[in-house]
Amino acid sequence: PTSVPTYKGARADGGTPADFKVAFIGDQGLGTTSIAVMELIKSEGADMVLHLGDFDFQDNPRAWDNRISDVFGPDFPYFGLIGNHDEIAWAEYQAKLQARLDRLDGVSCTGDLGVKSACTYRGVFFILSGVGLLGSGHDTFIRDQLAASDAIWKICSWHYVQILMQVGNQK
């Protein structure tokens, strides 16, 4: 892989740096188009990725994490939450996300990572929720966490199957 910049640290006051970019993706897969999407995110200068579930559709956490590291490097801030296609291998995906989190400076997460968690990274506060898929008490958790945060940027994210909006046989 090519060299990648280091994405550690934050402003001295804990706020979000100017021009801080967050990429939001979901339903990625492991095909060549997934690489193209990540290369686009990288070329646009994103400072972090928030992956809203359905990581690879193959229950292959190692291949998924390797793909991320191949494009962004092992220390890139890549956060994710459970999607309906991630449930079988969720423990392994969660371990990969935690390992990536453990390599970052300036990040704080509480709760069950990717299921019912609240994180702050470089002044951005975000909730990773498995509402409708895994866990319970999400409504109270979300409300309480949002109310307790004084961050300017607050993001609440989850994955939800939109079956009534889909055409074809997607699940």
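For the structure itself, look to the data block above.
Predicted, not measured: the structure shown is a model, and the values here were computed from it. (Residues numbered from 1 in each chain as written. Predicted model: local features only at pLDDT ≥ 70, side-chain atom pairs only at ≥ 80, totals over all residues. Heavy atoms only, no water.)

### Details of the state of the cysteines
Phase 1 of the analysis: Taken as a whole, this structure holds 1 disulfide when the rule is applied.
Phase 2 of the analysis: At a sulfur-sulfur separation of 2.1 Å, the disulfide partner of Cys109 is Cys119. Across the S-S bond linking Cys109 and Cys119, the dihedral sits near 115°, which makes this disulfide right-handed. Highlighted residues: Cys109 in strand β4 (residues 107-112) and Cys119 in strand β5 (residues 116-121), separated in sequence by 10 residues.
Phase 3 of the analysis: When its relative accessible area of 0% is taken as the criterion, Cys119 is described as buried. (Disulfide = S-S within 2.5 Å. Helix = DSSP H or I, 4+ residues; strand = E, 2+ residues; numbered from the N terminus. Buried < 20%, exposed > 50% of the residue type's maximum accessible area, 1.4 Å probe, protein only.)

### Comments concerning the sheet that holds β4
Phase 1 of the analysis: Sheet architecture is open: 4 strands sit in the order β4-β5-β6-β7, paired in mixed fashion. The open sheet is flanked by β4 and β7 (153-158), the only strands paired with a single partner. Shown here is a sheet whose adjacent strand axes are inclined to one another by a mean of 15°, direction ignored.
Phase 2 of the analysis: In this sheet, β5 lies alongside β4 in antiparallel orientation, the contact comprising 6 bridges. Within the sheet, the bridge partner assigned to Val107 lies in β5 and is Tyr121.
Phase 3 of the analysis: Packed onto the sheet, helix α4 (residues 138-148) meets β4, β5, β6 (124-129) and β7 and runs at close to 175° relative to β6. (Pairing = 2+ DSSP bridges. Axes fitted to C-alpha atoms, helices over the stretch in contact; angles between N-to-C directions. Contact = heavy atoms within 4.5 Å.)

### As for the packing of helix α2 (residues 61-72) against helix α3 (residues 90-102)
Phase 1 of the analysis: Between α2 and α3, the least distance of the axes is 9 Å, while the angle of their chain directions is 30°. Comparing their axes, α3 and α2 come out roughly parallel. Relative to α3, α2 is oriented so that their crossing is right-handed. Facing Pro61, Arg62, Trp64, Asp65, Ile68 and Ser69 of α2, the residues of α3 in contact are Glu92, Tyr93, Lys96, Leu97 and Arg100.
Phase 2 of the analysis: Of the residues assigned to the contact of α2 with α3, the class counts are 5 nonpolar, 1 polar and 5 charged. (Parallel < 35°, antiparallel > 145°, perpendicular 65-115°, else oblique. Left-handed = near helix turned anticlockwise from the far one by under 90°. Nonpolar A, V, L, I, M, F, W, Y, C, P; charged D, E, K, R; others polar.)

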